[in-house]
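# Notes for the structure review
Given next are the chains, with one letter for each unit.
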Amino acid sequence: MPVDDKRPSWKSYFMDIAELVAKRSTCTRRAVGAVVVKDKRILSTGYNGAPTGVKHCVETGCLRAKLEIPSGERHELCRGIHAEQNAIIQAAYYGISIKDASLYCTHLPCSICAKMIINAGIKTIYFMSGYADALSEDMLNEAGVQVIRYDSAAKENHT
């Protein structure tokens, strides 16, 4: 039976889902979505926004903008949790191991998320857009986490 040319590859499928998850973001600066995958199965998802029960930046205004903090700096001065952090937390909350999984993320993780990804045992990161945090890439590389920029314009083989 021939493969339908319109059927997305697995990478495209999971990255499309990460983009959809990002639409739930409540960050006023950047919408980010993350999907943790193992053996072609989604284990957890996350988007950036305030913790459960805490007002979102769309309601309160962006603390980082008010303080004029540039992107990639002073991550602790933010009401929100990053998408990657939320995906890792959701897996832990429900008792799902993400060791040896892959992370599909709309953006390259920051250095705080990179540390969590390394310790969670995630082995591969696929991302679409960069992020202003050189330390992140350095640590991921040193830890042996494979980081792959996903090119949505490239035609992929259906797998």
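Remember, predicted model here, so these are calculated numbers, not experimental data.

When helices and strands are counted, the protein chain shows 6 helices and 5 strands. In terms of overall dimensions, the protein chain has a C-alpha envelope of 55 × 35 × 30 Å along the principal axes. When burial is assessed residue by residue, the protein chain has 42% of its 159 residues classed as buried. Contacts in the protein chain between residues far apart in sequence, at least 24 positions, make up 55% of those at least 6 positions apart. In the form shown here, the protein chain has an accessible surface area of approximately 9300 Å², with 51% of it arising from carbon and sulfur atoms. Side-chain charges of the protein chain comprise 20 positive and 17 negative groups, with the mean position of each set lying 5 Å from the other.

Take unusual backbone geometry next. Generally, phi is negative for residues other than glycine and the peptide bonds are trans, each holding for most cases. Positive phi values are uncommon outside glycine, yet D39 reaches one of about 55 degrees. Note that D39 resides in the loop between strand 1 (33–38) and strand 2 (41–47). You can call D39 exposed: its relative accessible area is 66%. Phi angles above zero are rare outside glycine, and E68 is one such case at about 55 degrees. Mapped onto the secondary structure, E68 falls in the loop between helix 3 (63–66) and helix 4 (83–93).

This brings us to the pattern of salt bridges. Summed over all chains, the structure comprises 2 salt bridges. Residue D100 pairs with K99 through a salt bridge whose shortest N-O separation is 3.3 Å.

Conventions we followed
- Residues numbered from 1 in each chain as written.
- Predicted model: local features only at pLDDT ≥ 70, side-chain atom pairs only at ≥ 80, totals over all residues.
- Heavy atoms only, no water.
- Helix = DSSP H or I, 4+ residues; strand = E, 2+ residues; numbered from the N terminus.
- Buried < 20%, exposed > 50% of the residue type's maximum accessible area, 1.4 Å probe, protein only.
- Contact = heavy atoms within 4.5 Å.
- Areas by Shrake-Rupley, 256 points an atom, 1.4 Å probe, with all protein chains shown as cover.
- Lys, Arg positive; Asp, Glu negative; His and termini not counted.
- Charge placed at Lys NZ, Arg CZ, Asp CG, Glu CD.
- Salt bridge = Lys/Arg side-chain N within 4 Å of Asp/Glu carboxyl O.

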